[in-house]
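Below, each chain spelled out in residue letters.
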Amino acid sequence: MNDTLSSLAPTLNAFSAGQLSLTELARLWRQAAQSHQPALPARYLEVLERVLSQLESSALFTEESCSFSQGDMVAALGDWLQRARALSPTT
């Protein structure tokens, strides 16, 4: 996979549209981040894991919560992706 980060952007729209499950979204993001070359700095992986964990926790609630807003977590993933792609000219 040489363009793993670029493949993540469409998953955000698919998830927001209900076309991708939360479990699959998290799996794809974790897999892409781990397999991205050149490797992302450890702090990027830590932040991604924190955001994904919060997003997965948000699934425990039936309504939006101040602390676990899925919309906010999806926006945070988009921000993470933008910053991670800026680190690597290959994506």
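Residues numbered from 1 in each chain as written. Predicted model: local features only at pLDDT ≥ 70, side-chain atom pairs only at ≥ 80, totals over all residues. Heavy atoms only, no water.

Caption draft 1: Structural context of the pattern of salt bridges. Tallied over the entire structure, the rule returns four salt bridges. E56 is the salt-bridge partner of R30, the closest N and O atoms lying 3.0 Å from each other. Note that R30 is positioned in helix α2 (residues 22-35) and E56 in helix α3 (residues 42-58), a separation of 26 residues in sequence. The partly exposed category is assigned to R30, whose relative accessible area is 26%. Salt-bridge contacts for R83 lead to D79; the nearest nitrogen and oxygen are separated by 3.1 Å. Here R83 and its partner D79 are both found in helix α4 (residues 70-87), four residues apart, which amounts to about one turn of the helix. (Salt bridge = Lys/Arg side-chain N within 4 Å of Asp/Glu carboxyl O. Helix = DSSP H or I, 4+ residues; strand = E, 2+ residues; numbered from the N terminus. Buried < 20%, exposed > 50% of the residue type's maximum accessible area, 1.4 Å probe, protein only.)

Caption draft 2: Summary view of α3. Helix length check: α3, at 17 residues, gives a terminal C-alpha distance of 24 Å against a target of 24 Å (1.5 Å per residue), a fit within 8%. When we look at burial in α3, the residues that qualify are Y44, L48, V51, L52, L55 and S58. Seen end-on, α3 carries its buried residues on one side only, within an arc spanning 110°. α3 presents R43 and E46 as exposed residues on the side facing more than 90 degrees away from its buried surface. (Expected span 1.5 Å × (residues − 1). Arc of directions from axis to C-beta.)

Caption draft 3: Quick look at α4. The terminal C-alpha atoms of α4, which comprises 18 residues, lie 26 Å apart, in line with the 26 Å expected from a rise of 1.5 Å per residue. Regarding α4, the residues found buried are M73, V74, L77, W80, L81 and A84. Seen along its axis, α4 keeps its buried residues to an arc of 115°; they face one direction. Opposite the packed face of α4, turned more than 90 degrees from it, sit the exposed residues Q82 and A86. Residues of α4 that are buried sit in contact with α1 (9-16), α2 and α3. (Contact = heavy atoms within 4.5 Å.)

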